[in-house]
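# Understanding the architecture of this molecule
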Amino acid sequence: GKFEEVLDDNSIGKIGAINHLILTSGKVYYDLLKYRDENKITNTAIIRLEQFYPYPSKKIRNIVEKYSAVKKVRWVQEEPKNMGAWNFLFHRLRNDLPKDCDLDYAGRPESASPAMGSYKISIQQQKKLVKDAFV
């Protein structure tokens, strides 16, 4: 009934079984959910950031702390690496994660343009970035 800056994964049964977190925003979230379900992946929670600024540090920390077995966090975005939220969020997220937790990126490579110009290549890149999110 109200706006939330960060949405936890409410589909997780055993929090202790989660050792991988995906943080994302936008419609790629639905592609990630579909891939996780189709591939019966049970060790990964998908967290949605609905607001980047002001950055919701406390809410992110509270969610991440819940998943005490997590050693790997991956930011996933559809935009090229030099566009979108990654450059804004990287240092902020790094500060909110445990020191022994890896932070990585899954998304399109850097590009001068936000769009590929080829629908076929765009679809291939989308499939790859979704798959890479779970590696």
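Now for a quick tour of the structure. The structure presented is a predicted model; accordingly, all values stated were derived computationally and were not measured. Within every chain, residues take consecutive numbers counted from 1 along the sequence as written. With pLDDT at 70 or above as the cut-off, local features in this predicted model cover only qualifying residues; side-chain atom pairs require 80 or more to be listed or tallied, and sums for whole chains, interfaces and linings still use all residues. Derived side-chain values reflect all non-hydrogen atoms in the structure, with water molecules and hydrogen atoms excluded from consideration.

### Re the overall build of the chain
- Helices and strands together make up the secondary structure of the chain, namely four helices and five strands.
- For the chain, the N- to C-terminal ordering of α and β elements is β-β-α-β-α-β-α-β-α.
- What you see for the chain is a C-alpha radius of gyration of 15 Å, in line with the 14 Å of a compact globule of 135 residues.
- Each of the three principal axes of the chain carries a C-alpha extent, and together these read 40 × 35 × 35 Å.
- The contact rule is simple, with two residues in contact once any of their heavy atoms fall within 4.5 Å. The contacts of the chain with a sequence gap of at least 6 include a subset with a gap of at least 24, amounting to 79%.
- Working note: accessible area of the chain is about 8,000 Å², and carbon and sulfur atoms make up 52% of it. What counts as a helix is a DSSP run of H or I of at least four residues, what counts as a strand is a run of E of at least two, and both are numbered from the N terminus. Just to be clear, the radius of gyration here is over C-alpha atoms, and the globule rule we use is 2.2 Å times residues to the power 0.38. Note that accessible areas follow from Shrake-Rupley with a 1.4 Å probe, and for residues the cover is restricted to the protein chains shown.

### Thoughts on the packing of helix 1 (residues 28-38) against helix 4 (residues 119-133)
- For helices, the axis comes from a line fit to the C-alpha atoms of the stretch in contact; other axes are also lines fit to C-alpha atoms, and the angle between any two N-to-C directions lies between 0 and 180 degrees. Packing of helix 1 against helix 4 leaves a shortest axis separation of 10 Å and a crossing angle of 60°. For the pair helix 1 and helix 4, the crossing hand works out as right-handed. On helix 4, the residues touching Val28, Asp31, Leu32 and Tyr35 of helix 1 are Gln126, Leu129, Val130, Lys131 and Ala133.
- For this scheme, ten residues count as nonpolar: Ala, Val, Leu, Ile, Met, Phe, Trp, Tyr, Cys and Pro. Four count as charged, namely Asp, Glu, Lys and Arg, and the remainder, Gly too, count as polar. Within the contact of helix 1 with helix 4, the residues separate by chemical class into six nonpolar, one polar and two charged. Left-handed describes a crossing whose near helix is turned anticlockwise from the far helix by less than a right angle; the clockwise case is right-handed.

### A closer look at unusual backbone geometry
- Here the residue pair Tyr53 and Pro54 is connected by a cis peptide bond, since its omega of -5° sits within 30 degrees of zero.
- Examined against the element boundaries, Pro54 turns out to sit in the loop between strand 3 (44-49) and helix 2 (57-66).
- Of note in the backbone geometry, Lys40 takes a positive phi value of approximately 50° without being a glycine.
- Looking at the secondary structure, you find Lys40 in the loop between helix 1 and strand 3.

### Thoughts on the packing of aromatic side chains
- We call Phe, Tyr and Trp rings a pair once their centres come within 6.5 Å, taking the six-membered ring for Trp, and we label the pair stacked below 30 degrees between planes, edge-to-face above 60, and tilted otherwise. Following the criterion strictly, the structure yields six aromatic pairs and no others.
- Ring centres of Tyr29 and Tyr30 lie 5.1 Å apart, and the angle between their planes is 80°; on these two criteria the pair is classed as edge-to-face.
- Burial classification: accessible surface area is computed with a 1.4 Å probe over protein chains only, and a residue below 20% of its type maximum counts as buried, one above 50% as exposed, and the rest as partly exposed. Assessed through its relative accessible area of 12%, Tyr29 is described here as buried.
- Of the residues examined, Tyr30 reaches a relative accessible area of 51% and is grouped as exposed.
- Here a set of aromatic residues connected by ring pairs shows up, and it is made of Trp86, Phe90 and Tyr105.

### Considerations on the pattern of salt bridges
- Only one rule defines a salt bridge in this text: a Lys or Arg side-chain nitrogen within 4 Å of an Asp or Glu carboxyl oxygen. Here the structure, examined in full by the defined rule, presents ten salt bridges.
- Of the charged contacts in the structure, one is a salt bridge between Lys2 and Glu4, with a shortest N-O distance of 3.6 Å.
- Under the relative-accessibility criterion, Glu4 is labelled partly exposed at 27%.
- In this structure, the salt-bridge partner of Asp132 is Lys128, at a minimum N-O distance of 2.6 Å. Highlighted residues: Asp132 and Lys128, both in helix 4, separated by four residues, approximately one helical turn.

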